[in-house]
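A structural walkthrough
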Amino acid sequence: MAPFLPTDCLSQIFRNLEKDQKSLYSCILVNRLWCATSIEFLWSRPFHFLYTCPISCPCDEFMRIERSSKLIQVYLSCLNEKEKLLLMENKVRLPSSVKQKPLFDYAGFIRYLDLDEFYTAVRDWIEFAHVVSKEDEIC
């Protein structure tokens, strides 16, 4: 049997990597235990990573908008059917990708939510995905 670290030790390690998106992403690729343990730290403040790129980051505005749009779609896929129906009744066109339930409850991992970052991500998603027609545009 291969040696392994207990989950609480892994959690402590990942807690120290909480602000290092690249390292946390690498951790989810190691094995199932590392993935299940590190994913909550990667998703604890997801909108923060969209708007705090290091200077060396090759992101441009279009890439940021595309990433924020995908992030919002992940959270939309976490909604139950009643909540999705409510959005559609209010003229929000949901992409077909939100019909599939995600592997994790990503919304449950949020520990810090900056409302400015969240608002910007939603605005980017609306612009990128054209989910609201011009006549019904949300301010």
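Residues numbered from 1 in each chain as written. Predicted model: local features only at pLDDT ≥ 70, side-chain atom pairs only at ≥ 80, totals over all residues. Heavy atoms only, no water.

Looking now at the packing of aromatic side chains. For the structure shown, the criterion picks out nine aromatic pairs. With a centroid separation of 5.8 Å and an interplanar angle of 75 degrees, the aromatic rings of Trp-43 and Tyr-75 are classed as edge-to-face. Here the residue Trp-43 occupies a position in the loop between α3 (32–42) and α4 (46–51), and Tyr-75 occupies one in helix α5 (residues 61–77), the gap between them amounting to 32 residues. Judged by relative accessible area, which is 14%, Trp-43 ranks as buried. Using a relative accessible area of 12% as the deciding quantity, one classes Tyr-75 as buried. Pairing Phe-104 with Phe-109 gives two aromatic rings, centres 6.3 Å apart and planes at 55 degrees, and the pair type is tilted. For Phe-109, a relative accessible area of 16% puts it in the buried group. (Phe/Tyr/Trp six-rings, centres within 6.5 Å; stacked < 30°, edge-to-face > 60°. Helix = DSSP H or I, 4+ residues; strand = E, 2+ residues; numbered from the N terminus. Buried < 20%, exposed > 50% of the residue type's maximum accessible area, 1.4 Å probe, protein only.)

Below, the discussion takes up the side chain of Thr-37. Within the secondary structure, Thr-37 sits in helix α3. If we skip the residues at most four places from it in the chain, Thr-37 touches Thr-7, Leu-10, Ser-11 and Phe-14. (Contact = heavy atoms within 4.5 Å.)

Tracing the backbone through its elements, the reader meets Tyr-106 in the loop between α6 (81–89) and α7 (115–129). Taking the C-alpha atoms as reference points, Tyr-106 and Val-74, 32 residues apart in sequence, are found 7.8 Å from one another. Aside from chain neighbours lying at most four places away, what touches Tyr-106 is Ile-39, Trp-43, Val-74, Tyr-75 and Cys-78.

Per-residue pLDDT for the chain averages 81, and the proportion of residues at 70 or more is 83%. Taking the mean pLDDT of every element in the chain, the minimum, 78, falls on α4 and the maximum, 91, on α3. (pLDDT = per-residue confidence, 0-100.)

For the structure on display, the rule yields three salt bridges. Linking Asp-124 and Arg-123 is a salt bridge whose minimum nitrogen-to-oxygen distance equals 3.8 Å. Judged by its relative accessible area of 1%, Asp-124 falls in the buried class. For Arg-123, a relative accessible area of 34% puts it in the partly exposed group. (Salt bridge = Lys/Arg side-chain N within 4 Å of Asp/Glu carboxyl O.)

Attention now moves to the nonpolar core. Soluble globular proteins tend to pack their nonpolar side chains together in the buried interior. Residues Ile-39, Trp-43, Phe-47 and Tyr-106 are the most contacted members of the largest nonpolar core, which totals 26 residues. Of all elements in the fold, only α1 (7–16), α2 (21–28), α3, α4, α5 and α7 reach the threshold of two or more residues within this core. The residues that make up this core include at least three from each of domain 1 (1–43) and domain 2 (54–136). Ignoring anything within four residues of it in the chain, the contact list for Ile-39 reads Ile-28, Phe-104, Tyr-106 and Phe-109. (Core = buried A, V, L, I, M, F, W, Y, C linked by side-chain atoms within 4.5 Å. Domains from an automatic or database assignment.)

Before going further, it helps to spend a moment on the packing of α5 against α7. Where α5 meets α7, the axes come as close as 8 Å, and the angle between the chain directions of the two elements is 100 degrees. Classified by the interaxial angle, the pair formed by α5 and α7 is roughly perpendicular. In this structure, α5 contributes Phe-62, Arg-64, Ile-65, Glu-66, Ser-68, Ser-69, Ile-72, Gln-73 and Leu-76 to the contact, and α7 contributes Phe-118, Thr-120, Ala-121, Val-122, Asp-124, Trp-125, Phe-128 and Ala-129. The class makeup of the residues in the contact of α5 with α7 is ten nonpolar, four polar and three charged. (Axes fitted to C-alpha atoms, helices over the stretch in contact; angles between N-to-C directions. Parallel < 35°, antiparallel > 145°, perpendicular 65-115°, else oblique. Nonpolar A, V, L, I, M, F, W, Y, C, P; charged D, E, K, R; others polar.)

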